Amino acid sequence: MEGINAKYVSKKISKTRWRPVSSSSLQQPDIFATGSWDNEDNSISIWSIGENGVSSMGDEFEGDPQLLCEYKHNGDVLDLQFLDQDRIVTASSTGAVTIFRHHHNSQTLSVSQLWERAHHYPCNNAPCTGVVCNSPEIVTVGEDGRIMLFRADQEGVLRTIEKADSSAIHAVTFLRTTEILTVNSIGQLKLWDFRQPGNEPSQILSLGGASRTGDRVPLHCVDRHPNQQHIVATGGQDGMLCIWDVRQGNMPISLMEAHTSEMWEVHFHPSNPGHLFSCSEDGSLLHWETSSNTDTPSFLQGGRNTSIISRSAIAPTGGNQSLINAWLTGDSSKGHLETTHMLPSQMLSVNSLDVLGQCLVCGTDGEAIYVNRHVPI
């Protein structure tokens, strides 16, 4: 918990995201965005952890995040993703999808594109619950069971999968360039291939009886392993962390008791995927680490330079068993995984987290943002 800065912002924070940094540079992220929810007026905000918006890598500047600019947001911000260095896409409880542009010189935000009722019921708006970007493409999902495909700078909708789900879709991520994964309110994980013309998923995986209670448990979040696209992590209403191999069977490979309440987000570290982070309604933020005394390959054991050799992390199908990812055999009770609490104990929900380099940011219902710039990766 060393090195954590708390910033109280007078708004419940629903989403936090780092602005991407160039993968070729060793620069640490210094700009992040937040979205708020359940407030009289909601907004998206841009923050800096460097002096005056300029990155300061020395330890001499350890102050609070500084607000650079903000913009009123219509409805709750239910998801938020950077499209690129300048543009941010939000998903609203009103069903709208908005692209905001961050003007670095003037430190202002403006709306560059708006799809007002992207998600809707016949007579009403439906909340847009998730967004994922692979510039220039944007995919959104909603409580209306729709999947929408947009392209930045094009006004129209590229594609709609009208009845993708009969239940609410809660989150979406890219599996590959043309494939996405969605999770829904009845514990299903569905794969979709945009090259296929129909409205049917190419694969359905289900939590089924694997949940803590044996019931169908809503899944709230999903993330894909950055190097091995077939490995996926999900979290849901029962607080369990589930690891899936989409090549094998239709049930999770491993389940771990993570949180005592709903898990809202789960993220693999983008360059050190032996590290994973999850946050929950129970007020906790956990750092999961594959421990070094297992057969975990070295590229999953952390270390500052693992991003350089992460290409070797792609395990050949049926290949060397030592390359099979440690997450697939993960079991915290057997000592394969170590977990660390990243926040001082608090009662209110941790709604969102993001991690990039050695920097972690999270947002809470306690109207606070927490930033840690020295995550042990």
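Residues numbered from 1 in each chain as written. Predicted model: local features only at pLDDT ≥ 70, side-chain atom pairs only at ≥ 80, totals over all residues. Heavy atoms only, no water.

*Asks:* Even after reading the chapter, I still don't get the overall build of the chain, so can you show me in this structure?
*Replies:* Scanning the chain for helices and strands turns up zero helices and 28 strands. Looking at the chain as a whole, 56% of its 377 residues are labelled buried. (Helix = DSSP H or I, 4+ residues; strand = E, 2+ residues; numbered from the N terminus. Buried < 20%, exposed > 50% of the residue type's maximum accessible area, 1.4 Å probe, protein only.)

*Asks:* Where do I start with the packing of aromatic side chains in this structure?
*Replies:* The geometry of two aromatic rings is summed up by the distance between their centres and the angle between their planes. Applying the stated rule across the entire model yields four aromatic pairs. Taking 6.3 Å as the distance between ring centres and 10 degrees as the angle between the ring planes, the aromatic pair formed by F32 and W47 counts as stacked. Residue F32 is located in strand 3 (residues 31–36), and its partner W47 is located in strand 4 (residues 42–48); the two are separated by 15 residues in the primary sequence. Summarising the burial analysis for this pair, F32 and W47 share the class buried. Cluster of aromatic residues (ring-pair linked, three or more members): W18, F32 and W47. Across the ring face of W37, the terminal group of K12 is positioned such that the distance to the ring centre comes to 5.8 Å. (Phe/Tyr/Trp six-rings, centres within 6.5 Å; stacked < 30°, edge-to-face > 60°. Lys NZ or Arg CZ within 6 Å of the ring centre and 35° of its normal.)

*Asks:* Would you mind showing me how to read a nonpolar patch on the surface here?
*Replies:* Nonpolar side chains collect at one region of the surface, where Y71, V111 and L114 lie side by side and expose about 240 Å² of accessible area between them. Tracing the backbone through its elements, the reader meets V111 in strand 9 (residues 108–115). With a relative accessible area of 38%, V111 lands in the partly exposed category. (Patch = residues over 30% accessible without salt bridge, like charges linked within 9 Å, V, L, I, M, F, W, Y side chains within 5 Å. Areas by Shrake-Rupley, 256 points an atom, 1.4 Å probe, with all protein chains shown as cover. Salt bridge = Lys/Arg side-chain N within 4 Å of Asp/Glu carboxyl O.)

*Asks:* Just checking my understanding: could you explain the sheet that holds strand 22 (residues 263–268) for this structure?
*Replies:* Across a sheet, paired strands are connected by hydrogen bonds in the backbone, their directions being either parallel or antiparallel. Read from one edge to the other, the open sheet built from four strands follows the order 22-23-24-25, with strand pairing classed as antiparallel. The sheet is open, and its two borders are formed by strand 22 and strand 25 (337–341), each paired with just one other strand. Strand-to-strand, the axes of this sheet are offset by a mean angle of 20 degrees, without reference to chain direction. Two elements, strand 23 (residues 275–280) and strand 24 (residues 285–290), share five bridges in a ladder whose sense is antiparallel. The residue bridging H275 from the neighbouring strand is E289, located in strand 24. (Pairing = 2+ DSSP bridges. Axes fitted to C-alpha atoms, helices over the stretch in contact; angles between N-to-C directions.)

*Asks:* What should I look at first to understand the confidence of the model for the chain in this one?
*Replies:* Fine structural detail should not be taken from predicted coordinates in areas where pLDDT scores are low. Chain-level pLDDT for the chain is 85 on average; 82% of the residues reach the 70-or-more range. Here residues 52–61 is a poorly scored stretch, pLDDT under 50, and it has 21 contacts once near neighbours within four places are set aside; other chains count. Here residues 293–324 is modelled with pLDDT under 50, and outside its nearest four sequence neighbours on either side it reaches 45 contacts, counting other chains as well. (pLDDT = per-residue confidence, 0-100. Contact = heavy atoms within 4.5 Å.)

*Asks:* Whenever I open this one, the pattern of salt bridges confuses me. Can you help?
*Replies:* Think of it this way: side chains of opposite charge can pair up when their charged atoms draw near. Counted according to the given criterion, the structure contains 15 salt bridges. When the shortest N-O distance is used, the salt bridge between K15 and E265 registers 2.6 Å. On the criterion of sequence distance, the pair formed by K15 in strand 2 (residues 13–18) and E265 in strand 22 is long-range, its members being 250 residues apart. For the pair K15 and E265, one class covers both residues: buried. Taking the shortest distance from any N to any O, the salt bridge between R87 and D153 comes out at 3.3 Å. With R87 in strand 7 (residues 87–92) and D153 in the loop between strand 12 (147–151) and strand 13 (159–161), the pair connects residues that are 66 residues apart, well separated along the chain. Given the relative accessible area of 10%, R87 is considered buried. With relative accessibility at 61%, the residue D153 sits in the exposed group. Beyond isolated ion pairs, a larger network of salt bridges with shared partners links K15, R17, D79 and E265.

*Asks:* Mind showing me how you'd approach the side chain of R17 here?
*Replies:* As for its placement among the helices and strands, R17 is situated in strand 2. A residue is classified by how much of its surface remains accessible, and R17, at 5% relative accessible area, is buried. Within the structure, the side chain of R17 is placed 3.3 Å from the side chain of S352, a separation counted as a polar contact. With near-sequence residues (within four places) excluded, R17 lies in contact with F32, A33, D79, L80, Q81, F82, E265, H267, S352, L353 and D354. (Polar contact = N/O pair within 3.5 Å; in protein donor to acceptor, adjacent residues only side chain to side chain.)

*Asks:* Can you help me understand the sheet that holds strand 11 (residues 137–142) in this one?
*Replies:* With antiparallel pairing, four strands are arranged side by side in an open sheet as 10-11-12-13. Of all the strands in the sheet, the pair left with one neighbour each is strand 10 (128–134) and strand 13. Within the sheet, the average angular offset between the axes of one strand and its neighbour, ignoring direction, is 15 degrees. Here strand 11 runs beside strand 12; their pairing, made up of five bridges, is antiparallel. Of the residues in strand 12, the one forming a bridge with E137 is R151.

*Asks:* Explain unusual backbone geometry to me, please; I cannot follow it from the model alone.
*Replies:* A cis amide bond links S135 to the next residue, P136, at an omega of 10 degrees. Looking at the element boundaries, P136 is found in the loop between strand 10 and strand 11. Phi at E367 takes a positive value of approximately 60 degrees, unusual for a residue other than glycine. Counting through the fold element by element, E367 comes out in the loop between strand 27 (359–364) and strand 28 (368–372).

*Asks:* Looking at this structure, how should I read the environment of Q66?
*Replies:* Note on placement: Q66 falls in strand 5 (residues 66–73). Using a relative accessible area of 36% as the deciding quantity, one classes Q66 as partly exposed. Sequence separation between Q66 and I49 is 17 residues, and the spatial gap between their C-alpha atoms is 6.4 Å. In this view, Q66 contacts I46, W47 and S48; residues no more than four positions away in its chain are not counted.

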